[in-house]
Each structure stands twice: as C-alpha cells, then as structure tokens.
Amino acid sequence: GVIGSLKDAAANAGIPIEEMLGEAVLVSQGSTIGTNILINRDGARTGLLTTRGFEDTIQIMRAWGRVAGLSEQEIKHQSTARKPEPLIPKWLTKGVIERIDYNGTVIVPLQEVSVRRAIEEFLEAGVESIAISFLWSFANPAHEQRVKEMVKEMAPEVYVQASSDLIPQLREYARTNTTVIDAYIGPAIRGWFTRLQERLQELGYSRSLLTMQANGGVVYAEQLRPINSVNSGPAGGVIGSKYLADLLGHQNVITSDVGGTSFDVSVIADWKPMFARDPLIHRFNVLIPMLNIVSIGAGGGTIARADPVTGRLKVGPDSTGAMPGPACYGRGGTIPTVTDANLVLGYLNPDYFLGGRMRLDVDRANAAIDGLGRAVGMDRVEAAAAVYEIVNAHMSDISRTTVTMAGYDPRHFVLFAFGGAGPLHACAYGRELGVQKIYMFPQSSVFSAFGIGVSDIQLHYKVSEHHQMPADPGKLQRSFEALEARAVADLQKMGLKNQEVGLIRQLDMKFRRQYYEETIEVPRAAYDEETVKGFTEAFVRRYEQLYGRGAAYMEAGIQITALGVIATVPTVKPVVGEFPLSPSDPSAARKGTRDAYFTEAGGFRRTPVYDGERLKAGNVVDGPAIIEVPTTTVVIPPGMTASVDPYLNLVAERGS
C-alpha cells in the first residue's frame, strides 16, 4: 500500500518513482499495524517477567478494568461491562525472586536461578517476545537490566522490553501494560519497518524513514518504541491542525475528523495540543504520552437501526466497515448507514464519488433507508433526515464535552473539520457548538497524512520523583538537566548533532492524597525559591481553570510527582500556497443544481452545486450550497456562508 501510493504520487508528478525518492528530503509515514494487531489479538506470543507475588497485576487491573474505557451506557450493561482479556495469559506470567523498595534500596537480591528457569520455560512454550516489569524498577533499574541481559544471552532472537527503559515511572499496572503492549506488537512493527526501509532503498531513498508517534512527533523508525505507533494516525490530524492554526492565527481550535467508522475530536488551547491525562489503549491503562483524542462511533459507515427494545431510531456506534460498506457501495451491504442517508438527502452526487472513480447506487440506498423508516414509523426522507441530525448531535455532544472537560468554552474556539466525511457534517455540528468559524481544507480527506508531513522529530522523557512544595530548587534543576542531557544524547545517536534542539520542561503536580496530577509547563532557567513559588501559582491557576474558582485546597499541601522533558528538532515543512484575495462572483465555478434536503428550508430545495477546485480566494458562497471536490463534499446549509481564504480553505460562518 505504501509503495503503491508513492508510485501514484510519482505518476501524478510525471516522474519515475526512483527519481522522486532519490530527491526526497524525507519520507514520513503513520502506521495502523499496532492498532490492527491489538484489535485482532494476533501479536507475538509474549511472556511477562515480574516480581514474585505480583503475577496477577494485569489480571486484577487495579480493580477498575471492568469499566475502563467504557461509556456510561456500556457500564450499565453486564454484557459490555467486563474486563478485557489480558494480552498475556497467566501461564505465561512468571514471578522472579527480587525486591527493591520505593527509594531504590535492594531488599532481596535478584536470584538468577529463578530467572533462568523462567526464560527456559518461555522458550519451551515458543515465546517470541518477553516483557520485564518489576515492582520498583523505576527507582532502581539494576534488576530489570540484568534480566534483560540474561534474555539476550539465552535467546538473542527474542524481542525483549524492560519497563525501566520504556517508562521509568510510578504506577505498576499502567507501567506493566505499557511494557506488555510494546512487547506484544514489537516483533511485527520491527519487521514491518525493516521491510519498508529496504524496499524504499531499492527504489532510491537513501535516508532513514520517519514514522509518526501518538505523542504528536515523528521519530526515525530505528528509534521508534513500537507502542508509540498505536493511535498515531489520528495524532497526525491534530498536528496538522496545530500547523494551520499557527499559520491562520487561531490559538483555540477544536479538531474534528469524520472518517468511515469514527469521529475523532481533540482540543488545541492557548496554542498547545492537549495530552490525555490517563491514556488508554484498547481499554488498557498505559503511561506513554498521547495526544488527547476522543473517539466515538460516528462516521460514514455508521449503522442506523431501530432499537430492539424501544423501537426508536438509533445511530451507531457500530459500523459496516469498508467491506461490504454502506448499501450504496453496491458490495453486498444492505444495512442503512450515514452515507446512505446523505445520498438520499441529495448531499452526495452518485456519479462523482471519489471524483467519479466510484459510482454510488441510489436504489440500494433508498431501499436500505426505506426499511429503516418502516421500522421506526417514518417515511424515507424523514428517516434519512433523522439519521443526519442524530449523528450530528453525537458529534456536537462529544466535542462540547471534550472542550468543557478541558476547562474551556466552545464559543471561544474555531472548528477545523477534516476526514473524508467531515465537510459533509461540519456546518451542522459546528453550528450546534456555537463556534466562531468552521474551517474545511483542500487536504481535508488526507489531513492526517498532511499532519504527519509537518510533524517535527520529538522525544518525550519522564521520571517519577516526589518533591513536597516548596521543593528544593537545586534538586529540580539537576533532575531537569539530567533529563535534557539524555535527550540531547539520544538525538545525537540519531545523527542529529548540529540541529537546533527545542527543550520544554514539565512538572506533574497534585494536592496531597489526590490520585490524579495536572501537568504544567515550567521555564528553562536557573531556579531559586521565587521560581519554585511560581510553579505552585501556575499549578493552582490550572487546577481552578479545570475545576472551578476556589476548588484548590491549599491546606492539603502540593506535591510534585514527576518531571518531564520534551525534545524537538524541526523538520522540513511543505509550503502552503497563499493567493491574493480577489472578491469575485463564484458563478464561474458553478456546475449545476440538485435537490437537497435542509430542515431549515422545510424539505428539499433546489441547491446550487459548485466545483471546489474552481473556486478562487475571495469567493463567497451563500447557503444553501453544495461544494464538490474529488475526495469530499461540503454542505453549506441555509443561513450560513462559506468564503475562500488566501490558502484556499473554505471558512463557514453564520450569514448576515
């Protein structure tokens, strides 16, 4: 697929692929391989080595695994409120005799005899990968590192990952999950990148391949920690949004991605993307830094049906997928979907789907929506309109919740809408949110790939350290400098010796006896008592922004629980062309009309259809209107206008 896409790009440019790759400054990519492995549960046979007495950590799941990652509705039902099956069965979990206490002191020396026995049993069981996670290894990694050496000595062909290398942090369950997932998908990810790199070299690309991470940065494939590739695709959309937000001058942005199966929403606030506080990967709590991207089942392939109990119309969360896909695809699917409703409502041109490369079957869509209408007591058009309104309500609800949970008001934001189906729905859910403007882009349908293309090389480091505030300025300074030195050394190992490195310092802070921390950014400077006092003030401001004025309980005392450093090296960026604004009549781009349904108009209305590729900077299109480009369709309802900005983005807002 990757090579096929590159060949297509070279053909479009009119040059051989060897010439294109030979001149390429960089090749960046995002991979769903790790995600697919976790969905299909077909990763490497993995063994877990842990401290004896703690073999049940990934089965107990901190007593909240039964509900982790579930919606309120799912939690209420016994059929869905169940623990996920651990990736490693109990019989492949071995306890090792060792013990280190919370401050790194060895209490029970590592008994290598027990380690050798466990490794031998793993090899007899056909284990391909081994995860190592000891109780207090983040305080003293010596035992884990020795066990890692023993695995390499006894089984050099086995993939091995130690938690002290991956995430030396407090929280045993999440740390073990992180290590287990990395080990489970590691062999396949490494094999994939090796094969892809070799194929690219055969075609003339002489540099190292860059790959996207869930933290929003790219890294050379050789240095990638496999777990960081999981959920990296949607992260590209957020980073692409950050890039364009900076270009357009918007400090507060809601990013929204409508694909075939899901609706993904994230927040950029005060110029910065937000990170997940308690990240989950397939319902397993992990410790890797991940952009906070909230997903629901609401996309083009989302299924509409009558609820079997109430008989009411229900949309989502399940999807038909690409095969057989919506009924209108003509691939054998008969279940009504959001795409079928959009076709019935006249939003999609059946002869211009994918720029005319695929024809949609109107009769099959009508039949599917007819059946849905009979089941819920509506006619075809009523049912299709209801599907459209319900899925838009789902999108606006989750967007509003995500923004308000971050401590902000959606009315102070602009909305960026992308994904193949984003522009079809953006005006509807954006208007419900009350955002200032709605942006849709020429590259909307490949926006995550665009984001990967503008991402910088980025490495994240975090260590658990406990400091009671006011903390010792010297200790904080030394800890930060040690992390920064490690970051610079790792970048130099990648061959990045002379590039400019950006370093950001972060602190995880909380009130005493609370479980969750808040992360604040702190300056890179020489610290003194006054500086440390400023850390406390910044934490309290952020806390009260999230939970309300007066929520800070100063009497409890404040703690630092972890220190973090983000190291960034800029990459070459694609140029976004800028065109002079020349207000003119958009009628030259008009390609015809068709009947489209709008609730505001009380039904179907003859609607102008525009060729989006012929619209020029400065054009203004009044709704209702439909704007078509080869890879997506934009719906502008009555009462809204869409203007073309200097970068050829469509900017929708309420009309006069």
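In this text the structure is predicted, and so the values were computed from the model without any measurement.

A few points about helix α1 (residues 2–13)
Since the α-helix packs 3.6 residues into each turn, any two residues three or four apart lie on the same face.
Step number 1: Given a rise of 1.5 Å per residue, 12 residues ought to cover 16 Å, and the 17 Å separating the end C-alpha atoms of α1 matches this to within 8%.
Step number 2: Taken as a whole, α1 has its buried residues at I3, L6 and A10. Down the axis of α1, the buried side of the element spans an arc of 60 degrees, and every buried residue falls inside it. Exposed side chains of α1 directed beyond 90 degrees from the buried face belong to A11 and N12.
Step number 3: Looking at the buried positions of α1, the neighbouring elements they touch are α2 (17–23) and α9 (172–202).
Step number 4: Once α1 ends, the next one or two residues include G14, with phi positive near 75 degrees.

Observations regarding the sheet that holds strand β24 (residues 590–598)
Step number 1: With mixed pairing, four strands are arranged side by side in an open sheet as β24-β25-β27-β28. Whereas interior strands pair on both sides, the edge strands pair on one side only; in this sheet they are β24 and β28 (632–636). Mean inter-strand twist for the sheet, computed between neighbouring axes without regard to direction, equals 30 degrees.
Step number 2: With three bridges joining them, strand β25 (residues 603–611) and strand β27 (residues 625–629) adopt parallel strand pairing. Its bridge partner being in β27, Y610 is matched across the sheet by I627.

What about the packing of α1 against α9?
Step number 1: Taken N-terminus to C-terminus, the directions of α1 and α9 make an angle of 30 degrees; their axes are 11 Å apart at the nearest point. As judged from the angle between their axes, α1 and α9 are roughly parallel. Relative to α9, α1 is oriented so that their crossing is right-handed. Contacts between α1 and α9 involve V2, I3, L6 and K7 on the former and, on the latter, W192, L196, R199 and L200.
Step number 2: Considered class by class, the residues forming the contact of α1 with α9 number six nonpolar, no polar and two charged.

A few points about the pairing of strand β3 (residues 93–96)
Step number 1: A two-sided burial pattern is seen for β3, the buried positions comprising T93 and G95 on one face and K94 and V96 on the other.
Step number 2: The sheet contact formed by strand β2 (residues 46–51) and β3 spans four bridges and is parallel. Residue pairing for β3: T51 is matched across the bridge by V96.

A few points about the pattern of salt bridges
Step number 1: Under the defined criterion, the tally for this structure stands at 25 salt bridges.
Step number 2: The shortest N-O distance in the salt bridge between K94 and E121 comes to 2.9 Å. With K94 in strand β3 and E121 in helix α6 (residues 112–124), the pair connects residues that are 27 residues apart, well separated along the chain.
Step number 3: Between E518 and R277 there is a salt bridge, and its shortest N-O distance comes to 2.8 Å. In this pair, E518 is assigned in strand β22 (residues 518–522) and R277 in the loop between β12 (272–273) and β13 (280–281), connecting sequence segments 241 residues apart.
Step number 4: Given the relative accessible area of 40%, R277 is considered partly exposed.

So, the sheet that holds β3
Step number 1: Ordered by their spatial adjacency, four strands build an open sheet running β3-β2-β6-β7, and the pairing between neighbours is parallel. The sheet is open, and its two edges are formed by β3 and β7 (159–162), each paired on a single side. Between one strand axis and the next, the sheet turns through 20 degrees on average, direction left out of account.
Step number 2: Pairing between β2 and strand β6 (residues 129–133): five bridges, direction parallel. For T46, the partnering residue across the bridge sits in β6 and is S129.
Step number 3: Across the sheet, helix α7 (residues 142–154) lies against β2, β6 and β7, angled at about 175 degrees from β7, the strand it touches most.

Topic: the nonpolar core
Step number 1: By size, the foremost hydrophobic cluster in this structure holds 117 residues, and its most contacted members are L21, L49, I281, F416 and L507.
Step number 2: When residues of this core are assigned to their parent elements, the largest contribution, 10 residues, is made by α9.
Step number 3: Ignoring sequence-local partners within four residues, the contact set of L49 consists of K94, V96, A118, I119, F122, I130, A131, I132, S133, F134 and V147.

A few points about the environment of H466
Step number 1: Relative to the helices and strands, H466 is located in strand β20 (residues 457–468).
Step number 2: Between the C-alpha atoms of H466 and E157, which are 309 residues apart in sequence, the distance is 38 Å.
Step number 3: Excluding residues that lie within four positions of it along the chain, H466 makes contacts with L170, I560 and T561.

What counts, and where the lines are drawn
Per-chain numbering applies: the sequence of each chain, read as written, is numbered from 1 onward. Totals for whole chains, interfaces and linings use all residues, but because this is a predicted model, local features are given only for residues with pLDDT of at least 70 and pairs of side-chain atoms are given and counted only at 80 or more. To get the side-chain values, all heavy atoms of the structure are used, and hydrogens and water are removed first. The helix count covers DSSP runs of H or I at least four residues long, the strand count covers runs of E at least two residues long, and both are numbered beginning at the N terminus. Working rule for helices: expected span equals 1.5 Å times residues minus one. Note on classification: 1.4 Å probe, protein chains only; a residue is buried when its accessible area is under 20% of the maximum for its type, exposed when over 50%, partly exposed between these limits. Note: the arc covers the axis-to-C-beta directions of the helix. Should any heavy atoms of two residues lie within 4.5 Å, those residues are considered in contact. At least two DSSP bridges between two strands are needed for those strands to be called paired. Angles shown run from 0 to 180 degrees and are taken between the N-to-C directions of axes, each axis being a line fitted to C-alpha atoms and, for helices, limited to the stretch in contact. Comment on the angle field: the value is read as roughly parallel under 35 degrees, roughly antiparallel over 145, roughly perpendicular from 65 to 115, and oblique elsewhere. Take the far helix as your reference; a near helix turned counterclockwise from it by less than a right angle gives a left-handed crossing, and one turned clockwise gives a right-handed crossing. Ten residue types, Ala, Val, Leu, Ile, Met, Phe, Trp, Tyr, Cys and Pro, are classed as nonpolar, four, Asp, Glu, Lys and Arg, as charged, and the remainder, Gly among them, as polar. Note on definitions: salt bridges are taken to be side-chain nitrogens of Lys or Arg within 4 Å of carboxyl oxygens of Asp or Glu. Nonpolar cores are built from buried Ala, Val, Leu, Ile, Met, Phe, Trp, Tyr and Cys residues. Side-chain atoms within 4.5 Å join them into one set.

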